[in-house]
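Tertiary structure, described
Here is how the chains run, residue by residue.
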Amino acid sequence: MRLVLFGPPGAGKGTQAQRLVEKFGIPQISTGEILRKAKADGTPMGTEAARYMSTGDLVPDEVVVGIVEERIQEDDAQKGYILDGYPRTLPQAEALDAMLERRGESLDAVVSIEVPTEALVERLSGRRSCPSCQAGYHMEFDPPEEADICDKCGAALIQREDDKPDAIRHRMTTFHDQTAPLMAYYQERGLLRPGDGEGSMDEVFGRITASLEDL
Ligand code: AP5
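Note that this is a predicted model, so its numbers are computed, not measured.

Description of the pattern of salt bridges
Under the definition given, this model contains 19 salt bridges. With its nearest N and O atoms 3.8 Å apart, the salt bridge here joins Glu161 to Lys39. Remark: Lys39 occurs in helix α2 (residues 31–40) and Glu161 occurs in the loop between β6 (136–138) and α7 (165–179); sequence separation between them is 122 residues. A salt bridge links Arg102 to Glu69; the shortest N-O distance between them is 3.1 Å. Placement of Arg102 in helix α5 (residues 90–102) and of Glu69 in helix α4 (residues 61–72) is noted, with a sequence separation of 33 residues between them. Judged by relative accessible area, Arg102 falls into the exposed class, the value being 58%. Accessibility expressed as a relative area gives 22% for Glu69, which makes it partly exposed. Put simply, Arg127, Arg160, Asp162, Asp163 and Arg171 are held in one network by salt bridges that share partners.

Have a look at this one:
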């Protein structure tokens, strides 16, 4: 199964992608995670990408298109994958189509997770993540057992630089201007499956899996 998880910052793409990985046994390909790892590893690409990410701008298309093209060729992605945070612009969507066509493949669905802006801000400002094992938390909705300590590996949790108020505002604008138009692109291709992203993580997961039952 080849899926795109689509939605604004904080909609729950990463949270739901991890659950879908367990259900379907296919990998999550998160461009945000790949870029953050490259930054943490201090690679030239990661250092360059960090300049855009810290303010909430998109990393240039040629960088992310190259990342996804490489990742999709790895062994664990041959039976399918969940794209989380990609594509985010029209050139990225066109590059994905061209790559799939070269490989004789196609997308099965684009699941759009829809959440009102106030809830997005609440989700993003309470998010914490583990810099060591990448586990994600929310201080109210999914808190660690001990404040600011990762349950899984004991590392100190951090707040993402782009989860601060100015960057959140800019990310919302970026989504609205550059990414939201892709909904029409996928609607026209009959791939878009809009889903209500409000409610508990389990409720949202139940709706997503129900919307994929025919695949
Ligand atoms: P990326 O990491 O992809 O960020 P994003 O799309 O802004 O999405 P988030 O990770 O912030 O949110 P999410 O939807 O995954 O929500 P989550 O599950 O964590 O990208 C970061 C940056 O990298 C971009 O700004 C850009 O610079 C660059 N980049 C990445 N991809 C790119 C691309 N293709 N092109 C160009 N640049 C790119 O949930 C959020 C919080 O809410 C968590 O704390 C979670 O616990 C909680 N939560 C989740 N679901 C619920 C629920 N149902 N109820 C209550 N709380 C919930």
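After presenting the structure, the write-up continues.
Quick notes on the site of the ligand
Neighbouring the ligand are 34 residues, the closest being Thr15, Asp57, Arg88, Arg127 and Arg171. Between a nitrogen atom of the ligand and a main-chain N or O atom of Met201, the distance comes to 3.5 Å. Alone, the ligand offers 1000 Å² of accessible surface; in the complex the protein occludes 95% of this. Among the secondary structure elements, those contributing two or more residues to the shell around the ligand are α1 (13–24), α2, α6 (117–125), β6 and α9 (201–211). Looking at the shell around the ligand residue by residue, the classes come out as 14 nonpolar, 11 polar and nine charged.

Examining the packing of aromatic side chains
Applying the stated rule across the entire model yields two aromatic pairs. Their ring planes at 85 degrees and their centres at 5.1 Å tell us that Tyr185 and Tyr186 sit as a pair that is edge-to-face. Taken individually, Tyr185 and Tyr186 each receive the classification buried, so the pair is uniform in this respect. The ring centre of Phe24 lies 5.7 Å from the NZ or CZ of Lys23, which sits over that ring. Over the aromatic face of Tyr185 sits the side chain of Arg189, whose NZ or CZ is 3.5 Å from the ring centroid.

Some details on the pairing of strand β4 (residues 109–114)
In terms of burial, β4 is largely enclosed, as five of its six residues are buried. Two elements, β4 and strand β7 (residues 192–196), share five bridges in a ladder whose sense is parallel. The residue of β7 that forms the bridge with Ser112 is Pro194.

Conventions adopted
- Residues numbered from 1 in each chain as written.
- Predicted model: local features only at pLDDT ≥ 70, side-chain atom pairs only at ≥ 80, totals over all residues.
- Heavy atoms only, no water.
- Salt bridge = Lys/Arg side-chain N within 4 Å of Asp/Glu carboxyl O.
- Helix = DSSP H or I, 4+ residues; strand = E, 2+ residues; numbered from the N terminus.
- Buried < 20%, exposed > 50% of the residue type's maximum accessible area, 1.4 Å probe, protein only.
- Near = heavy atom within 4 Å.
- Polar contact = N/O pair within 3.5 Å; in protein donor to acceptor, adjacent residues only side chain to side chain.
- Areas by Shrake-Rupley, 256 points an atom, 1.4 Å probe, with all protein chains shown as cover.
- Nonpolar A, V, L, I, M, F, W, Y, C, P; charged D, E, K, R; others polar.
- Phe/Tyr/Trp six-rings, centres within 6.5 Å; stacked < 30°, edge-to-face > 60°.
- Lys NZ or Arg CZ within 6 Å of the ring centre and 35° of its normal.
- Pairing = 2+ DSSP bridges.

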